[in-house]
Amino acid sequence: MTFSLFFQSLINGLNQGAIYALIALGYTMVYGIIRMINFAHGDFIMIGAYTMFYTIPLMANAGMPVWLSVLAAIIVCSVVGVVVEVIAYKPVRQAGSMSALITALAMSLFLENLAMVLFGAKPQNVQKIFDLPTINFLGVALPLNVILTILIGVIMMAGLQIFIKKTKIGKAMRSVPQDRDASILVGINVNRVITITFAIGSALAAVAALMYCTKYPRVTNDMGSMMGLKAFIAAVLGGIGIIPGAMLGGILVGLIEIFVKLFAPGWYEAITYAILIVILLVKPSGILGKNVGEKV
Amino acid sequence: MEKKYKISYLINILGVIAVFLLFVLLFETKVFGPSTQYIKGICTTACYTIIMVASLNLVVGFMGEFSLGHAGFVSVGAYTSAIVSSALAGKGLPDFFLFLTALMAGGAMAGITGVMVGIPALRLKGDYLAIVTVAFAEIIRVCFCNFPITGGGKTMSGILKLSDFYWCYWIMAACVAVMYMYVRSRFGRTVKAIREDYIAAAASGINVTYYKVMTFTVAAFFAGVGGGIYAHYMTAMIPTNFNFMYSAELLSEVIIGGTGSLTGSILGAAFLSSLPEMTRQFSKYRMLVYSIILVMVMIFRPGGIFGNWEFSLTRLIKKLTRQEGGKKDSRNEKTKGGV
């Protein structure tokens, strides 16, 4: 492998990984708090992408800066996330993990099929938000778009980490999964914390949608399901419920995928899933996770 | 065998034959006119969907574990049986035996896959198991996309059209009967004990892993048989047919019908698989309606529409004849409601 090919793949892998990491953050936050795989999270990306698809021409026509449509996507996604949580997830929260999982799956199916009914099954092209040149660096074509995408990802992750560690709501978010009853006792409104978690997770999905559309400007109604699954793999790989774990897992999955694609294009998905299986069997708590024994 | 059981077996077999004769009567007298063939096709669809959904219910309802990768086993069965039937075609075998051999091969291969997936995967529980089954199903799909013998990602076509409704009906009845007997056997009771409390089950000397893998394998076998019928009905297929969405669809049919109720699976699968055919113009909204029903069921009736209630012909007859003096027979026999 030549250096330039390696470097190119590395950049591509980091780009892909940053997208997965952002999506994985949403999964990991929700799973960390209510122990539920939010299958619909991948579909929030789809909603974000469709929002951008429809708002970018509006913004351009109104003479406003195009990147404002990202804000629109963030708002729409947060609202959808909160609505899904309140309507579907809240009623089944006490009913056990199986009900929660099925409801999440049902919401994912619902959003996907609603999008198909509303927007059609035909893939749509999203207009570019950033139009940046490609520079040459050490003989490698380096689109500035990609660099910007990675930067946005890193900033979002760092911001989230600070938010979780330093702010009051962030601390509440960390305390709820540790001991829900004790959190209620010290005056944390658990329902509100969960709702805020969903809002933040969905907002991250909107940013991930922006990053995805910068790389692959295509929107389909089922774009979220497989990507969501892979991001979930990333979250599990890093240790679900742990925010740095999600970032690490996302970057790893992205890099693995791009490098496997280089050697065995038809098999890269299988390799990603095989890694997940191995990780779950060998160390179910993930790379950064701690093993917790089971109480009888 | 006690006399009571013999009688109820007989009653149930008669019930199955009666339903079959009803179908024969409907189809042979051409009540539906020119659309008879079309309706027969829908009934065949219902047959294989029933087998798949009932087999998934063994895992989800009776074992209480979550499998989101059932389409993987279905695809193994479908491809294996298609390959076997096209290899054996023209060897002078009668069609029915050819069909049966292909289905058995498909089921066996799916069963083997079930063992291979089950042994590692069933160490996990709950959400993680669900994700791992998805991963295995996706790996299976990618394999079919890359193997030349399965069409290498393109449509595999030219499969013999062997799925005749009359045959499929009997295969379906046999499959459901075996599954029902499995659930009510020692094995089934053990599996239910594991579902209720696996620690207690293990403490009382049950080999939890063995029974779990066993159930998973039985479910995979029947999924493979269902897949075989599917392949020989569709005559052409592509690996993307068996993606995550298909697994999710099967699972939603189990849940809506009722986890832990084969009656629910049969009625749910029959109804939900024929519904989109009846209302072609609304097929776009099918999954939308499914998902709404699914959320509703989860919120208002978490056990599914039928819960774990089973239809029993014996009990029904008893009720109708108001048999006095007989002691209450809670051991209702094999369910067979018809399609």
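Per chain, residue numbering runs from 1 following the sequence as it is written. Key to labels: chains lettered from A, ligands numbered from 1, both in the order written. Since the coordinates come from a predicted model, pLDDT governs what is reported: local features require at least 70, and pairs of side-chain atoms require 80 or more to be given and counted, while whole-chain, interface and lining totals use all residues.

### Here's the deal with the overall build of chain B
The secondary structure listing takes helices from DSSP runs of H or I that are at least 4 residues long and strands from runs of E that are at least 2 residues long, numbered from the N terminus. Tallying secondary structure elements over chain B gives 13 helices and 2 strands in all. The globule rule is 2.2 Å times the number of residues to the power 0.38, and the radius of gyration it is compared with is taken over C-alpha atoms. Against the 2.2 N^0.38 benchmark of 20 Å for 339 residues, chain B shows a C-alpha radius of gyration of 20 Å, consistent with a compact globule. With the C-alpha coordinates of chain B rotated into their principal frame, the extents come out at 65 × 55 × 45 Å. The exposure scheme places C-beta atoms from the backbone and then counts, for each residue, the other C-beta atoms within 10 Å of its own, assigning buried at 20 or more, exposed at 12 or fewer, and partly exposed in between. Considering chain B as a whole, with its 339 residues, one finds that 49% of them fall into the buried category. Expressed as a percentage of contacts within chain B between residues at least 6 apart in sequence, the contacts between residues at least 24 apart total 82%. Note on contacts: residues are paired as contacts if their backbone-placed C-beta atoms lie within 7 Å.

### Section: the overall build of chain A
Helix and strand counts for chain A stand at 11 helices and 4 strands. Taking 19 Å as the expected radius of gyration for a compact globule of 296 residues, we find that chain A reaches 19 Å, a close match to that expectation. Across its three principal axes, chain A shows a C-alpha extent of roughly 60 × 50 × 35 Å. Across the 296 residues in chain A, those meeting the buried criterion constitute 49%. Summarising the internal contacts of chain A: among those between residues at least 6 apart in sequence, 75% fall at separations of at least 24.

### So, unusual backbone geometry
The backbone phi angle of arginine 35 of chain A is positive, close to 55 degrees, even though this residue is not glycine. You can see arginine 35 of chain A is positioned in the loop between α1 (3-34) and α2 (41-62). Given 15 C-beta atoms within 10 Å, arginine 35 of chain A falls into the partly exposed group. Notably, threonine 235 of chain B is not glycine yet its phi reads approximately 65 degrees, a positive angle. Within the secondary structure, threonine 235 of chain B is located in the loop between α9 (208-234) and β2 (236-237). Judged by local crowding, threonine 235 of chain B falls into the partly exposed class, with 15 C-beta atoms found within 10 Å.

### So, the interface of chain B and chain A
Taken together, the contact pairs 35 residues of chain B with 35 residues of chain A. At the level of elements, α5 (126-146), α10 (244-257) and α12 (286-300) of chain B are the ones that each hand at least two residues to the side of chain B that touches chain A. Taken together, the residues that form the side of chain B that touches chain A break down as 27 nonpolar, 4 polar and 4 charged. Polar here means any residue outside two lists: the nonpolar Ala, Val, Leu, Ile, Met, Phe, Trp, Tyr, Cys and Pro, and the charged Asp, Glu, Lys and Arg; Gly therefore counts as polar.

### What about the UniProt feature "transmembrane region" (unreviewed entry) in chain A?
Residue and element names in this part refer to chain A. UniProt positions are given in the numbering used here, feature names are shortened, and annotations may be inferred rather than shown by experiment. In the numbering used here, UniProt assigns the feature "transmembrane region" (unreviewed entry) to residues 17-37, 44-60, 66-88, 100-121, 141-164, 193-212, 232-255 and 262-282. Helix makes up 86% of residues 17-37 and strand 0%, whereas the separation of the span's terminal C-alpha atoms amounts to 20 Å. Strand forms 0% of residues 44-60 and helix 100%; the C-alpha atoms that close the span are 24 Å apart.

### Details of the packing of helix α4 (residues 97-119) of chain A against α12 of chain B
Relative to each other, α4 of chain A and α12 of chain B sit at 155 degrees, their axes nearing to 8 Å. Classified by the angle their axes make, α4 of chain A and α12 of chain B are roughly antiparallel. Considering the relative orientation of α4 of chain A and α12 of chain B, their crossing is left-handed. Seen from α4 of chain A, the contacting residues are Ser99, Ile102, Thr103, Ala106, Met107, Leu109, Phe110, Asn113, Leu114 and Val117 of chain A; seen from α12 of chain B, they are Met287, Leu288, Tyr290, Ser291, Ile292, Leu294, Val295 and Met298 of chain B. Axis lines are fitted to C-alpha atoms, over the contacting stretch for helices. Their N-to-C directions set the angle, which ranges from 0 to 180 degrees. By definition in this entry, angles of less than 35 degrees are roughly parallel, angles greater than 145 are roughly antiparallel, angles of 65 to 115 are roughly perpendicular, and the rest are oblique. Handedness of a crossing is defined here by the sense of rotation of the near helix relative to the far one, left-handed for an anticlockwise turn of less than a right angle and right-handed for a clockwise turn.

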